[in-house]
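Structure at a glance
So you can see what is in the structure, the chains are spelled out below.
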Amino acid sequence: MGKLLRMLCATGALGLAAPAPVAAQPAEQAEKLDALFAELAQPGRTDWQRIEGEIVRIWSHSGSDAMDLLLERGNAALASEDYDLALELFSALTDHAPDFAEGWNARATTFYLLDEYALSIADVERVLALEPRHFGALAGLAFMFEQMGETELALRALRAVQALNPNRENLNETILRLERTTGAADI
């Protein structure tokens, strides 16, 4: 976890630096994501779920029909709780499309569900290296950090999610609860 902690403490993913361009991401897709993230960051939005859904839809397209099929089948296996098959499909996806962040995110989710936090965190690290604005990976990371007793790191990850989308339900309450736990909140 040392590499991830160094990354989190740097100005990278949790500092919300601009994402590095991904070779597989066409310019128009990158521009569309930038516009959606700008909308998502506006406080008071009631359509934030639609915007997040559109972002996830874009993230779910690798640019390869074969890789998209692996993601789809892996997600189906995950939904039916066939974690071994999901892990096999997502591992093939990350092997064949290492620049596709959503493949790493799906495998991180599978590892999480198998209680393999170290492996999940390693995959989240890849997700955030490819797409530092990945709110799902950041939220998952926060949950794992909290489960591991790393409350301050969980709080940093949740604050990064909040910066991306200040409208997420229950996020402010969770941040306040963690701030109270760490002594960072004004009481």
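Here is a short report on the structure shown in this document. The model shown is predicted, which means the values in this text are computed figures rather than measured ones. (Residues numbered from 1 in each chain as written. Predicted model: local features only at pLDDT ≥ 70, side-chain atom pairs only at ≥ 80, totals over all residues. Heavy atoms only, no water.)

Thoughts on the overall build of the chain
Helix and strand counts for the chain stand at 10 helices and 0 strands. Going residue by residue from the N terminus, the α and β elements of the chain occur as α-α-α-α-α-α-α-α-α-α. Sorting the 187 residues of the chain into buried and exposed places 43% on the buried side. Sequence-distant contacts in the chain: of pairs separated by 6 or more residues, those separated by 24 or more amount to 56%. Carbon and sulfur atoms make up 52% of the accessible area of the chain, which amounts to about 9600 Å² in all. (Helix = DSSP H or I, 4+ residues; strand = E, 2+ residues; numbered from the N terminus. Buried < 20%, exposed > 50% of the residue type's maximum accessible area, 1.4 Å probe, protein only. Contact = heavy atoms within 4.5 Å. Areas by Shrake-Rupley, 256 points an atom, 1.4 Å probe, with all protein chains shown as cover.)

Observations concerning the packing of helix 4 (residues 65-79) against helix 6 (residues 101-113)
For the pair helix 4 and helix 6, interaxial distance at closest approach is 11 Å and the crossing angle is 15°. Taken together, the axes of helix 4 and helix 6 lie roughly parallel to each other. Judged by the sense of rotation from one axis to the other, the crossing of helix 4 with helix 6 is left-handed. Of helix 6, the residues touching helix 4 (which contributes L71, N75 and L78) are E102, A106, T109, T110 and L113. The class makeup of the residues in the contact of helix 4 with helix 6 is 4 nonpolar, 3 polar and 1 charged. (Axes fitted to C-alpha atoms, helices over the stretch in contact; angles between N-to-C directions. Parallel < 35°, antiparallel > 145°, perpendicular 65-115°, else oblique. Left-handed = near helix turned anticlockwise from the far one by under 90°. Nonpolar A, V, L, I, M, F, W, Y, C, P; charged D, E, K, R; others polar.)

Let's talk about the packing of aromatic side chains
A full pass over the atoms with the stated rule returns 5 aromatic pairs. Put simply, the rings of F37, W59 and F135 pair up and form one aromatic cluster. (Phe/Tyr/Trp six-rings, centres within 6.5 Å; stacked < 30°, edge-to-face > 60°.)

Let's talk about helix 9 (residues 151-164)
Its 14 residues place the ends of helix 9 20 Å apart at the C-alpha level, agreeing with the 20 Å of an ideal helix rising 1.5 Å per residue. Every buried residue of helix 9 is listed here: T151, L153, A154, L155, A157, L158, A160, V161 and L164. (Expected span 1.5 Å × (residues − 1).)

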